[in-house]
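Chain by chain, the residues run as shown.
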Amino acid sequence: MSTGQITAWAVGAVLVFWGVGAYNRLVSLRNDISRAFVPVDAQIRQRHQLLEQWVDTLRPARPGDAVAFDAVIAACGQLQAACDVVRSRPSAARPMASLRLAEDTLAEARLRLKGVLPAGADELAALGVASLTEELATADNTLVFARRQFNQATQGYNEALDQFPTWLIAGLFGFRGAGIL
């Protein structure tokens, strides 16, 4: 074998090993997104349950606000349906956009509901929802943290997709950008 052939084989081997390494890195980063979505999903489910309990407790005391309560429950259902779709493939951008939209819809419905409810802790305690309100606030804060972790994992993956020459491997094997939550 000549020196030129040995050099060609060595360069070919380096390129193959680099390609395998880049592919494995992209798969690992995509798996990180899936793992980071698990706590987000759990917090969304927990918040959904708390919101249902909260609404069920408040509804009898505030029958005139049925539309606001129904909007929160409907938004919870929409968010849960979007979350069910994302759960199967958390790195897909379109379902993640639907989840973000459902989250915004729920936030808007909750904001409208807060406008018709008493703001004082004593009034909430009299209605029997003070502890649920605190649990809901804790769930919201935990969800914010879980979303931040998910978005960091997503951002790392998306940045890896944009790096040259890794984007060559990404394009070759169909890796696509992931959506931020």
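Scroll up to find the structure.
Description of the structure in this document. Note that this is a predicted model, so its numbers are computed, not measured.

This brings us to the packing of aromatic side chains. Counted by the stated rule, this structure contains four aromatic pairs. Ring centres 5.8 Å apart and planes at 45° place the aromatic pair Phe164 and Trp167 in the tilted group. Under the relative-accessibility criterion, Phe164 is labelled exposed at 61%. On the basis of relative accessible area, Trp167 is assigned to the partly exposed category, the value being 41%. What links up through ring pairs into an aromatic cluster is the set Tyr23, Phe173 and Phe175.

With that settled, the discussion passes to a nonpolar patch on the surface. Together, Met1, Ile6 and Trp9 give the surface a local cluster of nonpolar side chains, amounting to about 440 Å² of exposed area. Considering the arrangement of structural elements, one finds Ile6 in helix H1 (residues 3-58).

At a minimum axis separation of 9 Å, H1 and helix H6 (residues 166-173) run at an interaxial angle of 70°. Classified by the angle between their axes, H1 and H6 sit roughly perpendicular to one another. Here Trp18, Gly19, Ala22, Tyr23, Arg25 and Leu26 of H1 lie close against H6, whose contacting residues are Thr166, Ile169, Ala170 and Phe173. Here the contact of H1 with H6 is built from residues that sort into seven nonpolar, two polar and one charged.

Attention shifts here to the nonpolar core. As a rule of thumb, nonpolar side chains are buried together in soluble globular proteins. Counting 44 residues, the largest nonpolar core has Phe37, Val40, Trp54, Val72, Leu99 and Phe150 as its most contacted members. Secondary structure elements with two or more residues in this core: H1, helix H2 (66-88), helix H3 (93-116), helix H5 (130-162) and H6. Examining the composition of this core, we find that 13 residues originate from one element, H1, more than from any other. Contacts of Leu99, omitting those with residues within four sequence positions, involve Phe37, Ile44, Leu79, Ala82, Cys83, Val86 and Leu181.

What counts and what doesn't
Residues numbered from 1 in each chain as written. Predicted model: local features only at pLDDT ≥ 70, side-chain atom pairs only at ≥ 80, totals over all residues. Heavy atoms only, no water. Phe/Tyr/Trp six-rings, centres within 6.5 Å; stacked < 30°, edge-to-face > 60°. Buried < 20%, exposed > 50% of the residue type's maximum accessible area, 1.4 Å probe, protein only. Patch = residues over 30% accessible without salt bridge, like charges linked within 9 Å, V, L, I, M, F, W, Y side chains within 5 Å. Areas by Shrake-Rupley, 256 points an atom, 1.4 Å probe, with all protein chains shown as cover. Salt bridge = Lys/Arg side-chain N within 4 Å of Asp/Glu carboxyl O. Helix = DSSP H or I, 4+ residues; strand = E, 2+ residues; numbered from the N terminus. Axes fitted to C-alpha atoms, helices over the stretch in contact; angles between N-to-C directions. Parallel < 35°, antiparallel > 145°, perpendicular 65-115°, else oblique. Contact = heavy atoms within 4.5 Å. Nonpolar A, V, L, I, M, F, W, Y, C, P; charged D, E, K, R; others polar. Core = buried A, V, L, I, M, F, W, Y, C linked by side-chain atoms within 4.5 Å.

Note that all results are geometric; they support no functional claim without further evidence.
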